[in-house]
Amino acid sequence: MKKLSIMVPCYNEEENVVPMSEALVKQLEAMPQYDYEIIFIDNCSKDNTRPLLRKICEGNKKIKAIFNTRNFGQFNSPYHAICQTTGDCTITICCDFQDPLDMIPKFVEEWEKGYKIVIGVKTSSKESKLMYALRSLYYKLIKKTSKVEQIEHFTGFGLYDKSFVQVLRDLDDPTPFIRGIVGELGPEFKTIEYEQQKRRAGKTSNNFFSLYDAAMLSFTSYTKIGPRMAVFGGGFMCAGSALAALVCIILKIIENDLFKTGTAAIILTLIFLAGLQIFFIGLIGEYILNINARVMKRPLVIEDERINFD
């Protein structure tokens, strides 16, 4: 009998973990031809999530839990949990019910046809239309600038065969970005469209800084446009400034007014150039931070406790 692994990352999801576990068990027991395990990984929640997970695990030995010592971020924790699964395939799903559970049988059906990766792609969202539009612009930008295939509106929700899970284990990447890894290293995949649902309860832990981190991780991992913009932009500015200076000197000589200059124009030009330099220094700094994180080779997470693992 084949075994399905379901991986559910959570952080401050006390209102969702019990309904999610019940819904997953109901969904999986409706597929009696498969054995299953459900792994919740808690990223150091500050609410009642952990006590609830302990109670859930006591009631069903097929439900397992990993508790992290601290919050290791929205990418490291799920990636680590995927690598701990033991099934013939692993399905990742969010704890907030934004990923529809009825996609699980569809994923498995395509997997049985031979696809090693089956992913869900959002075609619309019941969340903020503005946020969905901004995400669309971001995906199009990263897709245009990356030499690695980038999948628009793919959040990681999908099914991964155990052969690809082994690739993830062997990769040993301290800053993994699974959305990019699928496009870069994954075999041929099948996409299934879905509409993203509203959160069932609770508040999202995403904010401007976490979304910025996600954008910069993919941007600095899979594009070269930042340094290239600095090179070409800097070269263009240098050439343009030299030409403008030469023209100004010639005009001043003609006007016999070489030593008089426009103070306001000089100040504005200097501010513009300083801002441009700071922007590119910051952009290159993001690449350096990415390199630094990989060179340090820190562990993905540090576990505090495991429940129902043999």
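Residues numbered from 1 in each chain as written. Predicted model: local features only at pLDDT ≥ 70, side-chain atom pairs only at ≥ 80, totals over all residues. Heavy atoms only, no water.

A closer look at the overall build of the protein
From N to C terminus, the protein includes 10 helices and 8 strands. Going through the 310 residues of the protein one by one, you find that 44% of them count as buried. A total of about 16,900 Å² of accessible surface is found on the protein, and carbon and sulfur atoms cover 61% of it. (Helix = DSSP H or I, 4+ residues; strand = E, 2+ residues; numbered from the N terminus. Buried < 20%, exposed > 50% of the residue type's maximum accessible area, 1.4 Å probe, protein only. Areas by Shrake-Rupley, 256 points an atom, 1.4 Å probe, with all protein chains shown as cover.)

Digging into the side chain of Ser 45
By the element assignment, Ser 45 lies in the loop between strand S2 (35–42) and helix H2 (49–59). Separated by 2.3 Å, the side chains of Ser 45 and Asp 42 make a polar contact. When neighbours within four sequence positions are excluded, Ser 45 is seen to be in contact with Cys 10, Tyr 11, Asn 12 and Arg 50. (Polar contact = N/O pair within 3.5 Å; in protein donor to acceptor, adjacent residues only side chain to side chain. Contact = heavy atoms within 4.5 Å.)

Digging into the nonpolar core
If you look at the biggest cluster of nonpolar residues, it comprises 37 residues, and the most contacted ones within it are Ile 6, Val 8, Ile 38, Phe 40 and Val 108. Sorting the residues of this core by element identifies strand S1 (3–10), helix H1 (17–29), S2, H2, strand S3 (63–68), strand S4 (89–92), helix H4 (103–112) and strand S7 (189–196) as the ones contributing at least two each. Beyond its immediate stretch of four places on either side in the chain, Val 8 contacts Met 20, Leu 24, Ile 38, Ile 39, Phe 40, Ile 41, Ile 93, Cys 94 and Cys 95. Counting 24 residues, the second-largest nonpolar core is a separate cluster that includes Ile 119, Val 165, Val 182 and Phe 189. (Core = buried A, V, L, I, M, F, W, Y, C linked by side-chain atoms within 4.5 Å.)

Remarks on helix H3 (residues 76–83)
Extensive coverage of H3 is indicated by the burial of 8 of its 8 residues. Every buried residue of H3 is listed here: Asn 76, Ser 77, Pro 78, Tyr 79, His 80, Ala 81, Ile 82 and Cys 83.

Observations concerning the packing of H3 against helix H6 (residues 162–171)
With their axes 9 Å apart at the nearest point, H3 and H6 run at an angle of 120 degrees to one another. With respect to H6, the element H3 is oriented oblique. Crossing of H3 over H6 shows left-handed handedness. When H3 is examined against H6, the residues Tyr 79, Ile 82 and Cys 83 are found in contact with a partner set consisting of Val 165, Leu 168, Arg 169 and Leu 171. A per-class count over the contact of H3 with H6 returns 6 nonpolar, no polar and 1 charged. (Axes fitted to C-alpha atoms, helices over the stretch in contact; angles between N-to-C directions. Parallel < 35°, antiparallel > 145°, perpendicular 65-115°, else oblique. Left-handed = near helix turned anticlockwise from the far one by under 90°. Nonpolar A, V, L, I, M, F, W, Y, C, P; charged D, E, K, R; others polar.)

Describing the pairing of S3
For S3, a buried count of 6 out of 6 residues is recorded, marking the element as mostly surrounded by other parts of the structure. Where S2 meets S3, 5 bridges bridge the pair, whose relative direction is parallel. Each residue of the ladder has a partner; that of Phe 40, found in S3, is Ala 65. As for the winding sense of the linkage, the β-α-β connection from S2 through H2 to S3 is right-handed. (Pairing = 2+ DSSP bridges. Right-handed = clockwise from strand over helix to strand, strands pointing away.)

With respect to the pattern of salt bridges
The tally for this structure, following the rule as stated, stands at 10 salt bridges. The residue Lys 3 makes a salt bridge to Glu 37 at a minimum N-O spacing of 3.6 Å. Pair noted here: Lys 3 is in strand S1 and Glu 37 is in strand S2, with a separation of 34 residues, a long-range link. Take Glu 37: its relative accessible area is 1%, and that puts it in the buried class. A salt bridge links Asp 35 to Lys 62; the nearest nitrogen and oxygen atoms lie 3.0 Å apart. Residue Asp 35 is located in strand S2, and its partner Lys 62 is located in the loop between H2 and S3; the two are separated by 27 residues in the primary sequence. (Salt bridge = Lys/Arg side-chain N within 4 Å of Asp/Glu carboxyl O.)

Here we look at the environment of Arg 54
Note on placement: Arg 54 falls in helix H2. Residues within four places of Arg 54 in sequence aside, it is in contact with Phe 67, Glu 305 and Ile 307.

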